[in-house]
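Okay, here's what each chain looks like letter by letter:
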Amino acid sequence: MQLQSTLPLGRIAGIRIAAHWSAAVTVGLFTWILATYLRGTADAGIIWAAATIGALALIACLLAHELAHSIVATRNGIHVERIVLWLLGGASELAGEPKDARTDLRVALVGPATSLLLGAIGFGAAAVSSVFSPGGPVTATLVWLATVNVILAVFNMLPGAPLDGGRVVRAVIWWRSGDRLRAETAAARWGQVLGMTLAGIGAAEIIAFGNFGGLWLILLGWFLYGAANSELILAGLRHRLGASTVGDVMTPAPRAVPATWTVDQLLHSDLVYTHHRVFPVIDHNGHPCAILAWADLLRPRTPAHPGLRVAELARPLPPAAIAHVDDLLGDVIARIVLRPNLDAVVVVDPTGRLAGLVTSTDLTLVCNRSALGLPVHPTVTPS
Ligand SMILES: [Zn+2]
C-alpha cells in the first residue's frame, strides 16, 4: 500500500521518514487512552502532559520498530524507499524483495525483537522510577509504554502476511521447500484467515458485550484481509509470469529527452509527434534521472516561460521505477503495482545508462494476458 499526501519528517540512518495525516489521529487516541490510564496519579494538567509525552514516545517506539526492519533490509541489499507513520502504526516501503529465505527471516524478526527490547528497557526504567515515585505518573507511563511494546511484538508475530509473523511463516516455508511462491501464497492465505478472525472477534465483542472497542479490531482485521488478498493476487501473478523478465516486454532504446533541453526545444522537436505518452529524461551521461509525461507539460507547476527547462517539469525517478533488463517481471510489477502515480519503469544497463522503457500500459497488458493464460511473449509470430 502506498499512502499519498504525507508530510516528510527528515532522515534517520539515511532512511526517509514521513507521516500521513492519520498518524495525528493515532497520537490523539493514544494520548486519550494513556490519560484515562493515568487518572488519579496526579493533577489533570500533569496527567495530560505525561499522556502527550507518552503517546509521542510510543510513536518513537513504532518508528524504532520500522527502522530496525529498514536498516536490516538496507544492509542486505534491499532498497528502502521510506518509512511512513500512519493510523495503524508504521510501514516500511521496500523497493525490492529479499534474495533468500535467511534475509527474509532476518528482516521480519528484527522488528518484533526491537519492540521486545524496548518493552524490557521500559520495565527496567519503571522499576528504577518506582523507587523514587511509586504510583506516580512517570512510573505509570513507563509501565504503559513497556506493556504496549510487548503487546506490539506479540501482535506483530501473529502468523499471517503482511504482519511480521506472516513474513516469518513465508521465510520458514521458503527455507524448507525452496519454493518462494508456495511460501508467499501460504503466508497470504494465513493473513486472510487472521484478518477474518480479528474482524470476527471485533464483531462478537460489539454484539455480545456492547463494547465498541471492537470497531478497532474490525478495522484492523479488514485492513489485514485486504493486504493479504493483494499479496495473494500478486503471488498468483508472479507464478504465471514465471521467469519472464523486464527485457521481454520493454521497448528497447526508447526516445529520451535530455535534461538540459528547454520546454521550447522539446515542443519544436519530432518527439511530440511520436506515439509515446511518457518520455525518460536523461542526464549528460545517458543515465535516466526523471520521467516526463504529456500530463506534466499540460499542467505546469512552474509558470511557463521560454527558457523553462524540461528538468523543472519532469518528475524525479523513485528507485522503484528503475529496473534492470534481467529483473523478473513479477518482482517489478509487485513493487510498482501499488503506486498508481507511476507512469513507467525505466530500464538501465549495467552501467546505469538508459536501455529501455516499460510503461504502465505495457504492464497492464502483461497482467491481462497472464490472467487469460496467454504467454507474455507471442510464441507464434503473427502474420
Ligand atoms: Zn514489523
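Residues numbered from 1 in each chain as written. Predicted model: local features only at pLDDT ≥ 70, side-chain atom pairs only at ≥ 80, totals over all residues. Heavy atoms only, no water.

Quick word on the coordination of the zinc ion
For a metal with four tetrahedral donors the ideal donor-metal-donor angle is 109.5 degrees, while six octahedral donors give ideal angles of 90 or 180 degrees.
Working step 1: Of the protein atoms, only His65 (NE2), His69 (NE2), Asp164 (OD) and Asp164 (OD) coordinate the zinc ion, at distances of 2.0 to 2.6 Å.
Working step 2: For the zinc ion, the 4 donor atoms are set out with angles of 54 to 152° between them, so the coordination reads as irregular.
Working step 3: Mapped onto the polypeptide sequence, the residues donating to the zinc ion form the spacing pattern H-x3-H-x94-D. Of this pair, His65 sits in helix α2 (residues 44-75) while Asp164 is found in helix α5 (residues 164-177), placing the two residues 99 residues apart along the sequence.
Working step 4: For His65, a relative accessible area of 5% gives the class buried. (Donors = N, O, S within 2.8 Å, 3.2 Å for Na, K, Ca; no water. Tetrahedral: all angles 85-135°; square planar, octahedral: opposite > 155°, others 65-115°. Helix = DSSP H or I, 4+ residues; strand = E, 2+ residues; numbered from the N terminus. Buried < 20%, exposed > 50% of the residue type's maximum accessible area, 1.4 Å probe, protein only.)

Structural notes on the sheet that holds strand β8 (residues 288-293)
Working step 1: Strand order across the open sheet formed by 4 strands is β6-β7-β8-β9, with mixed pairing between neighbours. Edge positions in the sheet fall to β6 (257-258) and β9 (315-316), since each has one partner strand and no second.
Working step 2: Sheet analysis places β6 next to strand β7 (residues 278-282), joined by 2 bridges and oriented parallel. Within β7, the position partnered with Pro258 by the bridge is Ile282. (Pairing = 2+ DSSP bridges.)

Considerations on the packing of aromatic side chains
Working step 1: All told, the structure shown has 2 aromatic pairs when counted by the stated rule.
Working step 2: Seen from their ring centres, Phe30 and Trp144 are 6.2 Å apart, and the 70° between their planes marks the pair as edge-to-face. In this pair, Phe30 sits in helix α1 (residues 22-38) while Trp144 sits in helix α4 (residues 137-156), placing the two residues 114 residues apart along the sequence.
Working step 3: With relative accessibility at 8%, the residue Trp144 sits in the buried group. (Phe/Tyr/Trp six-rings, centres within 6.5 Å; stacked < 30°, edge-to-face > 60°.)

Here we look at the sheet that holds strand β5 (residues 251-252)
Working step 1: The strand order β5-β12-β11-β10 describes an open sheet built from 4 strands, whose pairing is mixed. If you trace the sheet from one side to the other, it starts and ends with β5 and β10 (322-324), each paired once.
Working step 2: As paired elements, β10 and strand β11 (residues 344-348) share 3 bridges and run parallel to each other. Bridge assignment links His324 to a residue of β11, and that residue is Val348.
Working step 3: Lying over the sheet, helix α13 (residues 360-371) contacts β5, β11 and β12 (354-359), oriented at roughly 60° with respect to β12. (Contact = heavy atoms within 4.5 Å. Axes fitted to C-alpha atoms, helices over the stretch in contact; angles between N-to-C directions.)

Quick word on the UniProt feature "active site" (unreviewed entry) in the chain
Working step 1: Residues given the UniProt feature "active site" (unreviewed entry) here are Glu66.
Working step 2: Take Glu66: it is sitting in helix α2.
Working step 3: Other than its neighbours up to four places away in sequence, Glu66 contacts Ile83, Gly90, Ala91 and Ser92. (UniProt positions renumbered as here; feature names shortened; annotations may be inferred.)

Some details on a nonpolar patch on the surface
Working step 1: Residues Leu29, Trp32, Ile33, Trp48, Trp216, Leu219 and Trp222 make up a contiguous nonpolar surface patch of about 770 Å² in total accessible area.
Working step 2: At the level of secondary structure, the elements contributing two or more residues to the nonpolar patch comprise α1 and α7 (214-241).
Working step 3: The residue Leu219 is located in helix α7 in this model. (Patch = residues over 30% accessible without salt bridge, like charges linked within 9 Å, V, L, I, M, F, W, Y side chains within 5 Å. Areas by Shrake-Rupley, 256 points an atom, 1.4 Å probe, with all protein chains shown as cover. Salt bridge = Lys/Arg side-chain N within 4 Å of Asp/Glu carboxyl O.)

Side note on the side chain of Asp296
Working step 1: Take Asp296: it is sitting in helix α10 (residues 294-298).
Working step 2: Here Asp296 falls in the buried class, since its relative accessible area comes to 8%.
Working step 3: A distance of 3.1 Å separates a polar atom in the side chain of Asp296 from a polar atom in the side chain of Arg315. (Polar contact = N/O pair within 3.5 Å; in protein donor to acceptor, adjacent residues only side chain to side chain.)

Some details on the packing of helix α6 (residues 180-209) against α7
Working step 1: Relative to each other, α6 and α7 sit at 160°, their axes nearing to 7 Å. Judged by the inter-axis angle, α6 sits roughly antiparallel to α7. Classified by chirality, the crossing of α7 by α6 is left-handed.
Working step 2: Looking at side-chain class alone, the contact of α6 with α7 contains 17 nonpolar, 9 polar and 6 charged residues. (Parallel < 35°, antiparallel > 145°, perpendicular 65-115°, else oblique. Left-handed = near helix turned anticlockwise from the far one by under 90°. Nonpolar A, V, L, I, M, F, W, Y, C, P; charged D, E, K, R; others polar.)

Some details on the packing of α2 against α4
Working step 1: The geometry of α2 relative to α4 is characterised by a closest axis approach of 10 Å and an angle of 30° between their N-to-C directions. Judged by the angle between their axes, α2 and α4 are roughly parallel. Two packed elements cross with a definite hand, and for α2 against α4 that hand is right-handed. Residues Ile46, Ala50, Gly54, Ala57, Leu58, Cys61, Leu62 and His65 of α2 form the contact with α4, whose own contacting residues are Pro137, Thr141, Trp144, Leu145, Val148, Asn149, Leu152 and Asn156.

Observations concerning the domain arrangement of the chain
Working step 1: As far as domains go, the chain holds domain 1 (6-241) and domain 2 (246-371).
Working step 2: For domain 1 and domain 2, the distance between their C-alpha centroids amounts to 35 Å.
Working step 3: Taken together, the contact between domain 1 and domain 2 spans 12 residues of the former and 15 residues of the latter.
Working step 4: Buried surface at the junction of domain 1 and domain 2, summed over both partners, amounts to about 1100 Å²; 64% is from carbon and sulfur atoms.
Working step 5: When the buried surface of domain 1 facing domain 2 is broken down by residue, Glu81, Leu234 and Leu241 rank first, second and third, together holding 40% of it.
Working step 6: At the surface where domain 1 touches domain 2, the tally comes to 2 salt bridges. (Domains from an automatic or database assignment. Buried area = accessible area lost by both parts, 1.4 Å probe.)

Considerations on the pattern of salt bridges
Working step 1: This model, assessed by the stated rule, comprises 10 salt bridges.
Working step 2: A salt bridge links Asp270 to Arg255; the nearest nitrogen and oxygen atoms lie 3.0 Å apart. With Asp270 in the loop between α9 (263-267) and β7 and Arg255 in the loop between β5 and β6, the pair connects residues that are 15 residues apart, well separated along the chain.

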